[in-house]
Amino acid sequence: MAIKLKTVIFIKKNKQMKKILLFSILAVFALAGFAQKADDISGIWWNQEKTSKIRVEKKDGKYVGTIVYMIPEKYENGQPPKDDKNPEAALRNRPLIGLQILSGFVFHAGKKEWAGGKIYDPKSGKTYDCYAWMDGEVLKLKGFVAGIRLLGRESEWYRTQL
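Computed from a prediction, not measured in an experiment: that's the story for all the values here.

### A few points about a nonpolar patch on the surface
For step 1, the next point in the chain: A grouping of Val 145, Ile 148, Leu 150 and Leu 151 is seen on the molecular surface, where their side chains present a nonpolar patch of about 390 Å² in accessible area.
For step 2, the next point in the chain: Top contributing element to the nonpolar patch by residue count: strand E8 (residues 148–160), with three residues.
For step 3, the next point in the chain: Under the relative-accessibility criterion, Leu 151 is labelled partly exposed at 46%.

### Let's talk about the confidence of the model for the chain
For step 1, the next point in the chain: Model confidence for the chain is summarised by a mean pLDDT of 87, while 78% of its residues fall at 70 or above.
For step 2, the next point in the chain: Here residues 25–35 scores under 50 on pLDDT; set against residues more than four positions off or in separate chains, the count is two contacts.

### Structural notes on the pattern of salt bridges
For step 1, the next point in the chain: Applying the stated rule across the entire model yields nine salt bridges.
For step 2, the next point in the chain: Here Lys 140 ties to Asp 135 by a salt bridge, and the two come within 3.3 Å at their closest N and O atoms.
For step 3, the next point in the chain: Judged by its relative accessible area of 43%, Asp 135 is partly exposed.
For step 4, the next point in the chain: Residues Lys 140 and Glu 154 are paired through a salt bridge, measuring 3.9 Å at the closest nitrogen-oxygen approach. With Lys 140 in strand E7 (residues 138–145) and Glu 154 in strand E8, the pair connects residues that are 14 residues apart, well separated along the chain.

### Structural notes on the sheet that holds E8
For step 1, the next point in the chain: Reading around the circumference, E1-E2-E3-E4-E5-E6-E7-E8 is the order of the eight strands in this closed barrel, with antiparallel pairing throughout. On average, each strand axis in the sheet is tilted by 35° relative to the strand beside it, whichever way the strands run.
For step 2, the next point in the chain: Strand direction decides the pairing type here: strand E1 (residues 43–46) and E8, joined by three bridges, are antiparallel. Following the sheet pairing, Ile 44 is matched in E8 by Thr 160.

### Observations regarding the side chain of Lys 140
For step 1, the next point in the chain: Look at Lys 140 and you get buried, because its relative accessible area is 13%.
For step 2, the next point in the chain: For Lys 140, the side chain forms a polar contact with the side chain of Glu 156, separated by 3.3 Å.
For step 3, the next point in the chain: Discounting chain neighbours no more than four positions away, the residues touching Lys 140 are Tyr 131, Ala 132, Trp 133, Asp 135, Glu 154, Ser 155 and Glu 156.

### Overview of the packing of aromatic side chains
For step 1, the next point in the chain: Under the defined criterion, the tally for this structure stands at four aromatic pairs.
For step 2, the next point in the chain: Summarising the aromatic geometry, the rings of Trp 46 and Tyr 69 are spaced 6.1 Å apart at their centres and angled 75° between planes, so their arrangement reads as edge-to-face. Here the residue Trp 46 occupies a position in strand E1, and Tyr 69 occupies one in strand E3 (residues 62–70), the gap between them amounting to 23 residues.
For step 3, the next point in the chain: The buried category is assigned to Trp 46, whose relative accessible area is 15%.
For step 4, the next point in the chain: Pairwise contacts between aromatic rings join Tyr 131, Trp 133 and Phe 144 into one cluster.
For step 5, the next point in the chain: Across the ring face of Tyr 158, the terminal group of Lys 50 is positioned such that the distance to the ring centre comes to 5.2 Å.
For step 6, the next point in the chain: Positioned above the aromatic ring of Tyr 69, the side-chain terminus of Lys 53 is 5.2 Å from the ring centre.

### Concerning the nonpolar core
For step 1, the next point in the chain: Ranked by size, the top nonpolar core spans 23 residues in total, and within it Val 56, Ile 101, Leu 102, Trp 114, Leu 139, Leu 141 and Trp 157 carry the most contacts.
For step 2, the next point in the chain: Of all the secondary structure elements, the ones that give two or more residues to this core are strand E2 (52–59), E3, strand E4 (100–108), strand E5 (113–121), strand E6 (126–135) and E7.
For step 3, the next point in the chain: Sequence-distant contacts of Trp 114, that is, excluding residues within four places in its chain, are made with Lys 37, Ala 38, Asp 40, Ile 41, Tyr 63, Phe 105, Val 106, Phe 107, Tyr 131, Ala 132, Trp 133 and Met 134.

Rules behind the numbers
Residues numbered from 1 in each chain as written. Predicted model: local features only at pLDDT ≥ 70, side-chain atom pairs only at ≥ 80, totals over all residues. Heavy atoms only, no water. Patch = residues over 30% accessible without salt bridge, like charges linked within 9 Å, V, L, I, M, F, W, Y side chains within 5 Å. Areas by Shrake-Rupley, 256 points an atom, 1.4 Å probe, with all protein chains shown as cover. Salt bridge = Lys/Arg side-chain N within 4 Å of Asp/Glu carboxyl O. Helix = DSSP H or I, 4+ residues; strand = E, 2+ residues; numbered from the N terminus. Buried < 20%, exposed > 50% of the residue type's maximum accessible area, 1.4 Å probe, protein only. pLDDT = per-residue confidence, 0-100. Contact = heavy atoms within 4.5 Å. Pairing = 2+ DSSP bridges. Axes fitted to C-alpha atoms, helices over the stretch in contact; angles between N-to-C directions. Polar contact = N/O pair within 3.5 Å; in protein donor to acceptor, adjacent residues only side chain to side chain. Phe/Tyr/Trp six-rings, centres within 6.5 Å; stacked < 30°, edge-to-face > 60°. Lys NZ or Arg CZ within 6 Å of the ring centre and 35° of its normal. Core = buried A, V, L, I, M, F, W, Y, C linked by side-chain atoms within 4.5 Å.

Encoded structure:
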């Protein structure tokens, strides 16, 4: 009788352990899924016009984007274009390659978007509030003014390699 009782207790404990183990494994995969989704923005992207490639990466807990390549047609006298539209005169002579144009993006899992960021437009020299989201394999960004998301311009970026 004692052996049967011990066997029943062992089986019940074993079922509980299996449930705990299964729950733990599912929790790990769920958390990995969120992290993976947040990092979907990371990588090399063509801008909409396919004239520049931007590297998006996580730095200090936020996502930033830096121009890492420009098509040769944009070069002048063998030199990459300068930030000549910058409102600060002292910065107008810096090359666009190496320029950080995205900053401060944080992933919001509930909305499936990166928000709280800024985007710098070297063509106009203006900086806008910005948020981004994935639409399949396309990264969509929307720069806007005065905190009003409806007042803005949307751009599509396409994943590529350096």
